Amino acid sequence: MSYDISFKVKVDGTDTYVPVGACNANITWNVGEIIRRSTGLEWKNEANNGLCKDVVPFIAKGIEELLRNGEKYKQYEPKNGWGSVAGVIEFFTDIIVDWNDFVAEHEDLKDVATFWID
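Residues numbered from 1 in each chain as written. Predicted model: local features only at pLDDT ≥ 70, side-chain atom pairs only at ≥ 80, totals over all residues. Heavy atoms only, no water.

## Structural notes on helix H1 (residues 32-39)
Here is step 1: Among all positions of H1, only Gly32, Ile34, Ile35, Ser38 and Thr39 are buried. Buried residues along H1 cover an arc of 165° about the axis, so they all sit on one side.
Here is step 2: Looking at the packing, one finds that the buried side of H1 touches strand S1 (2-10), strand S3 (26-28), helix H2 (52-73) and helix H3 (85-105).
Here is step 3: Glycine 40 lies just past H1 and shows a positive phi near 80°. (Buried < 20%, exposed > 50% of the residue type's maximum accessible area, 1.4 Å probe, protein only. Helix = DSSP H or I, 4+ residues; strand = E, 2+ residues; numbered from the N terminus. Arc of directions from axis to C-beta. Contact = heavy atoms within 4.5 Å.)

Right, here's the structure in full:
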């Protein structure tokens, strides 16, 4: 299984969320401990994890943390070799790039877009 990230907005007057933009970030669940510890976020799978504008700064913090203290997180790399600190940095970077691209194209949705882990 994997963390598949998407940005969604809620359809007015409904409980339905629809995907917006193009976030293609994906990584194996095996690195979940690295992700949670470096960002301080829970990372609820198959759920809305809050507004992107609130989540993305924690992801940026996670990148900085892993770049500065990557060795500290090596102990959480999966023993089967499926995932690494370097892979998480790349995953986080993909999210940041996709979010910045989304905001550049859809400035009007930046305050309502939600961060989903599918």
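Once you've had a look at it, read on.
## Let's talk about the pattern of salt bridges
Here is step 1: Counted under the stated rule, the structure contains nine salt bridges.
Here is step 2: Residue glutamate 77 pairs with lysine 74 through a salt bridge whose shortest N-O separation is 3.6 Å.
Here is step 3: Relative accessible area serves as the criterion here: at 36%, lysine 74 is assigned to the partly exposed category.
Here is step 4: When the shortest N-O distance is used, the salt bridge between lysine 110 and glutamate 107 registers 2.9 Å. (Salt bridge = Lys/Arg side-chain N within 4 Å of Asp/Glu carboxyl O.)

## Observations regarding the packing of H1 against H2
Here is step 1: Between H1 and H2, the shortest axis-to-axis distance is 8 Å and the interhelical angle comes to 115°. Considering the angle they form, H1 stands roughly perpendicular to H2. The way H1 lies across H2 gives a crossing that is right-handed. Listed contacts from H2 to Ile34, Arg37, Ser38 and Thr39 of H1 are Phe58, Ile59, Lys61, Gly62, Glu65, Leu66 and Tyr73.
Here is step 2: Of the residues assigned to the contact of H1 with H2, the class counts are five nonpolar, three polar and three charged. (Axes fitted to C-alpha atoms, helices over the stretch in contact; angles between N-to-C directions. Parallel < 35°, antiparallel > 145°, perpendicular 65-115°, else oblique. Left-handed = near helix turned anticlockwise from the far one by under 90°. Nonpolar A, V, L, I, M, F, W, Y, C, P; charged D, E, K, R; others polar.)

## As for the environment of glycine 40
Here is step 1: Structurally, glycine 40 is set in the loop between H1 and strand S4 (47-51).
Here is step 2: The class of glycine 40 is exposed, set by a relative accessible area of 59%.
Here is step 3: Considering only alpha carbons, one finds glycine 40 and isoleucine 59, 19 residues apart in sequence, at a separation of 9.0 Å.
Here is step 4: The contacts of glycine 40, once residues within four sequence positions are left out, are Ile35 and Lys61.

## Considering the nonpolar core
Here is step 1: Within the largest apolar cluster, 32 residues are counted, with the highest numbers of intra-cluster contacts made by Ile5, Phe7, Ile35, Trp43, Phe91, Phe92 and Phe115.
Here is step 2: Sorting the residues of this core by element identifies S1, H1, H2, H3 and strand S5 (114-117) as the ones contributing at least two each.
Here is step 3: If one sorts the elements of this core by residue count, H3 sits on top with 10 residues. (Core = buried A, V, L, I, M, F, W, Y, C linked by side-chain atoms within 4.5 Å.)

## Quick word on the side chain of threonine 28
Here is step 1: Within the element layout of this structure, threonine 28 appears in strand S3.
Here is step 2: Threonine 28 gets classed as buried once you look at its relative accessible area, which sits at 18%.

## Brief notes about the packing of aromatic side chains
Here is step 1: Throughout the structure, instances matching the rule amount to 11 aromatic pairs.
Here is step 2: With 5.7 Å between their ring centres and 90° between their planes, tryptophan 43 and phenylalanine 115 make a pair best called edge-to-face. Taken together, the positions of tryptophan 43 in the loop between H1 and S4 and phenylalanine 115 in strand S5 put the pair 72 residues apart, joining distant regions of the chain.
Here is step 3: Between the aromatic rings of tyrosine 73 and tyrosine 76, the centroid separation amounts to 6.5 Å while the plane-to-plane angle is 55°, which identifies the pairing as tilted.
Here is step 4: In this structure tyrosine 76 comes out as partly exposed when scored by relative accessible area, which is 23%.
Here is step 5: Through a chain of ring-to-ring contacts, the aromatic side chains of Tyr3, Trp29, Trp43, Phe91, Phe92 and Phe115 assemble into a single cluster.
Here is step 6: The side chain of lysine 8 reaches across the aromatic face of tryptophan 116, ending 4.3 Å from its centre. (Phe/Tyr/Trp six-rings, centres within 6.5 Å; stacked < 30°, edge-to-face > 60°. Lys NZ or Arg CZ within 6 Å of the ring centre and 35° of its normal.)

Spatial relationships are all this shows, so hold off on functional conclusions.
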